[in-house]
Structures are given as C-alpha cells and as structure tokens.
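# Examination of the molecular architecture
Spelled out, the chains give:
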Amino acid sequence: MNDFVKILNELESEIKDSRRSMLGGNRYIDEGKCMDYILTLKSLLPQEIKEAQIILTEKENIMREAEDYASHLISDAKAKANKILDESELTKQAKYEANQIIDDAKEQSDRMIYETMDSLMELLKDSENKMIDIINCVRDSKNTILDEFQNMYNKKQ
C-alpha cells in the first residue's frame, strides 16, 4: 500500500510542478511519465479490485444484453399486438362488407319479387281483359244466333 501512495504522490508532484501555459493557465505535463505512473498504479492494485472491475464490466455487459433482449421482446410484442389489431380490423372490415353484400342481395331480391309480382299482375289483368273480350264475343255470337233463330222461327209462323 505504501508503494501505491508513494506513486500517487509522485504523480501529484509531476502535475503540480509542471509549467503553466501563458494562455488559459493550463499545465504542460510529461504525458509519458504520467502514463507510467498510472500503469504502475494499476499494477499495484490488489487483485480483488481488479476482479471487482472485471465483475463490474461483466455486470454492465449483462445489463446491456438484458436491456437489448427486453427491448427486442417488447418490440416483438408490439409487432404481434399490431398484427392482431390489423387482423381484427380486417375481420371487422370483412364482416362489414359481407353484411353490405347480404343487405344488397336482400334489397335486390325484394326488388325482383316486387317486379315479378307487378309483371304477373299485368299478365293476369291482360288475361282477364282478353277473357272478358272472349266472353263478350261468345255472348254476342250467342245473341246473334238466338236472334236469327227467333227471326227464322217467327217467319215460319
């Protein structure tokens, strides 16, 4: 631990003893020396700290993977939900269109029945009028024959 503190003190001195820039007050430090101090400090860290750092890095990786997986699951769930909603909307639309077709067919059927009944009534009226004409013709013929027969009979008498 003494070596660790000693190197920290040397690093601190390097920084404090470095020259200041005329503009901005920044310091010019010997980057190579400072990096050497940092590497030495890292090598002096107890193994437990190094292992803790590895564990923290692994934890961060696991958390990132878990977040990615959760995000993927949520995305899939949303996509499936949207697909179900779309299919539901398609089903509703298909039912609506089927009902429209059925309503149109019923309306057309009713119209055809009405038109057929109307045509049938016209045919029956025409048939009735023709039969009346025939009956009138038969009646007229009968009356004519009766009149002639009576005239003949009256002449003989």
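In what follows, the structure referred to is the one given above.
So, here's what we can say about the structure. Keep in mind the model is a prediction, meaning the values are calculated, not measured.

Quick look at the overall build of the chain now. The secondary structure content of the chain amounts to 3 helices and 2 strands. Reading the chain from its N end, one meets helices and strands in the order α-β-β-α-α. In summary, the chain has a C-alpha radius of gyration of 57 Å against a globular reference of 15 Å for 157 residues, an excess of more than 25%. When the backbone C-alpha atoms are referred to their principal axes, the chain occupies close to 175 × 45 × 15 Å. Put simply, the chain has 157 residues, and 5% of those count as buried. Pairs at least 24 apart in sequence give 39% of the contacts found in the chain among residues at least 6 apart. With an accessible surface of roughly 14,500 Å², the chain has 58% of that area assigned to carbon and sulfur atoms. Here the chain carries 23 positive and 33 negative side-chain charges, and the mean point of each set is 1 Å from the other.

Helix length check: helix α2 (residues 31-44), at 14 residues, gives a terminal C-alpha distance of 20 Å against a target of 20 Å (1.5 Å per residue), a fit within 8%. Buried within α2 we find Cys-34, Tyr-37 and Leu-41. Each buried residue of α2 lies within a common arc of 60° when the element is viewed along its axis, so the set occupies one face. Residues of α2 that are exposed and angled more than 90 degrees away from the buried face: Glu-31, Leu-39 and Lys-42. Backbone nitrogen of Gly-32 and a side-chain oxygen of the N-cap are separated by 3.2 Å at the start of α2; the cap is Asp-30.

This brings us to a nonpolar patch on the surface. Residues Ile-113, Met-117, Leu-120, Met-121, Leu-123 and Leu-124 make up a contiguous nonpolar surface patch of roughly 600 Å² in combined accessible area. Structurally, Met-117 can be placed in helix α3 (residues 47-156). Among the residues examined, Met-117 registers a relative accessible area of 48% and is labelled partly exposed.

Calculation criteria
Residues numbered from 1 in each chain as written. Predicted model: local features only at pLDDT ≥ 70, side-chain atom pairs only at ≥ 80, totals over all residues. Heavy atoms only, no water. Helix = DSSP H or I, 4+ residues; strand = E, 2+ residues; numbered from the N terminus. Rg over C-alpha atoms; globule rule 2.2 N^0.38 Å. Buried < 20%, exposed > 50% of the residue type's maximum accessible area, 1.4 Å probe, protein only. Contact = heavy atoms within 4.5 Å. Areas by Shrake-Rupley, 256 points an atom, 1.4 Å probe, with all protein chains shown as cover. Lys, Arg positive; Asp, Glu negative; His and termini not counted. Charge placed at Lys NZ, Arg CZ, Asp CG, Glu CD. Expected span 1.5 Å × (residues − 1). Arc of directions from axis to C-beta. Polar contact = N/O pair within 3.5 Å; in protein donor to acceptor, adjacent residues only side chain to side chain. Patch = residues over 30% accessible without salt bridge, like charges linked within 9 Å, V, L, I, M, F, W, Y side chains within 5 Å. Salt bridge = Lys/Arg side-chain N within 4 Å of Asp/Glu carboxyl O.

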